[in-house]
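# Descriptive analysis of the structure
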Amino acid sequence: MSQPAPVRVLLVEDDDLMRRSFTVALERYGYRMKSAADGLAGLELFRDESFDLLILDVMLPGLDGIGLCRRIRETSLVPVLMMSARGDGLDVVAGLEAGADDYVVKPVDTYVLVARIRSLLRRATYAPAPAPEQPAGDGPGGSEGEVLVFGDLAIDTGGLEVSVSGSPVALTPTELKLLLAFAAHPGIVLERHTLLRDVWDYGWDGDSRVVDLCVQRLRSKLGRNRIETVRGFGYKLRR
């Protein structure tokens, strides 16, 4: 039986020591690493090669991590993890608004970084499990999935495709998994900590900004009124 191909990771970090230490540490976990020291070099590498995940520092010379993430999102839905030295600053919000899926604050322990990488990769390969009460492939809830319709929004849970008014909508893996979480509980308020646990795989209290910004991105793609804010509680998908 052939072995699965190693996960290819692009790391863009201008600090030489951090770039080398992250590269060595992640290679020990089996990741195939490529790295760049500035945003323009990172963009060139991204365009020349295929990667399964990107790790981008916010503060980069030439083209910063925010701008690099925006350029990448013009053509790709590859998972993006941002690294920021200012976890409570505008960098985090700007990175998530640019299309990043998650972020870590430097300095970061290797085991935390690896946990975030694994979480992102699980989302990128996400497939709903068949409903236990029905045989796989036997109607709605089976392995072939079903098409859920909410007004002009249609979600093919088997093909993992989304459309609005018949036009396909491109979602990142995180955006798609968040939408599927809402679609599984239409009209029910989902709290931020529940979404952090179920979508981002956070086993601890994470930063709810990742939820808020991802909801904003979903609204920009699906329509402003599709996901409703319930102040003080969370969000729900309108039926």
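The following refers to the structure shown.

Analysis parameters
- Here the residue numbering is sequential within each chain, running from 1 through the sequence in written order.
- Restriction of local features to residues with pLDDT of at least 70 applies here, the model being predicted, together with a cutoff of 80 or more for giving and counting side-chain atom pairs; totals for whole chains, interfaces and linings are based on all residues.
- Excluding hydrogens and water, the side-chain values take into account all heavy atoms of the structure.
- We count a stretch as a helix when DSSP gives it H or I for four or more residues in a row; a strand needs E for two or more, and each element gets its number in order from the N terminus.
- Multiplying 1.5 Å by the helix residue count minus one yields the expected span of that helix.
- A simple rule labels every residue: compare its accessible area, found with a 1.4 Å probe on the protein chains alone, to the largest value its type can have, and call it buried under 20%, exposed over 50%, or partly exposed in between.
- Contact definition: two residues touch when any of their heavy atoms are within 4.5 Å.
- The definition of a polar contact used here is a pair of N or O atoms within 3.5 Å, where within protein one atom must be able to donate a hydrogen and the other to accept one, and adjacent residues in sequence count solely through side-chain atom pairs.
- Here a cavity denotes a set of grid points, spaced 1 Å apart and computed over the protein atoms alone, in which a 1.4 Å probe fits but from which it cannot get out, and a pocket denotes an open set meeting protein on both sides within 12 Å along at least five of seven lines; residues with an atom within 4 Å of a point are reported as lining.
- Grid points are joined across faces, edges and corners, and a volume is the space filled by probe spheres set on the points.
- Only Phe, Tyr and Trp rings take part, Trp by its six-membered ring, and two of them pair if their centres are within 6.5 Å. Stacked means planes under 30 degrees apart, edge-to-face means over 60, and tilted covers everything else.
- Charge-over-ring contacts are defined here by two conditions on Lys NZ or Arg CZ: a distance within 6 Å of the ring centre and an angle within 35 degrees of the ring normal.
- Salt bridge, as used here: a side-chain nitrogen of Lys or Arg that lies within 4 Å of a carboxyl oxygen of Asp or Glu.

### Brief notes about helix H1 (residues 16–28)
- The end-to-end C-alpha distance of H1 is 19 Å, a good match for the 18 Å that 13 residues give at a rise of 1.5 Å each.
- Taken together, the buried positions of H1 are occupied by Arg19, Phe22, Thr23, Ala25 and Leu26.
- Buried residues along H1 sit in contact with strand S1 (8–12), strand S2 (32–36), strand S3 (53–57), strand S4 (80–84) and helix H5 (110–124).
- Between a side-chain oxygen at the N-terminus of H1 and the backbone nitrogen of Leu17 the separation is 3.1 Å; the capping residue is Asp15.
- Where H1 ends, the next residue or the one after it, Gly30, has phi of about 95 degrees, a positive value.

### Quick word on the layout of surface pockets
- Taken as a whole, the second largest pocket spans an internal volume of roughly 170 Å³.
- Along the wall of the second largest pocket there are 14 residues; nearest its centre are Leu160, Leu171, Thr172, Pro173 and Leu176.
- Only H5, strand S8 (161–164) and helix H6 (173–183) provide two or more residues apiece to the lining of the second largest pocket.
- Broken down by element, the lining of the second largest pocket gets its largest block of residues, three residues, from H6.

### Quick notes on the packing of aromatic side chains
- Applying the stated criterion across every chain, the model contains zero aromatic pairs.
- Here the basic side chain of Arg8 rests over the ring of Phe51, its NZ or CZ set 5.2 Å away from the ring centre.

### Details of the side chain of Arg19
- Locating Arg19 in the fold gives a position in helix H1.
- The contact partners of Arg19, leaving out residues within four places of it in the chain, are Leu11, Glu13, Asp14, Ser35, Ala36 and Ala37.

### Considerations on the pattern of salt bridges
- Using the criterion set out here, one finds 14 salt bridges in the structure.
- Measuring nitrogen to oxygen at the nearest pair gives 3.1 Å for the salt bridge that ties Glu228 to Arg238. With Glu228 in strand S11 (residues 227–230) and Arg238 in the segment after strand S12 (234–237), this residue pair connects regions lying 10 residues apart in the sequence.
- Glu228 gets classed as partly exposed once you look at its relative accessible area, which sits at 25%.
- Each of the salt bridges in this network shares a partner with another, and the network as a whole consists of Arg8, Lys34 and Glu49.

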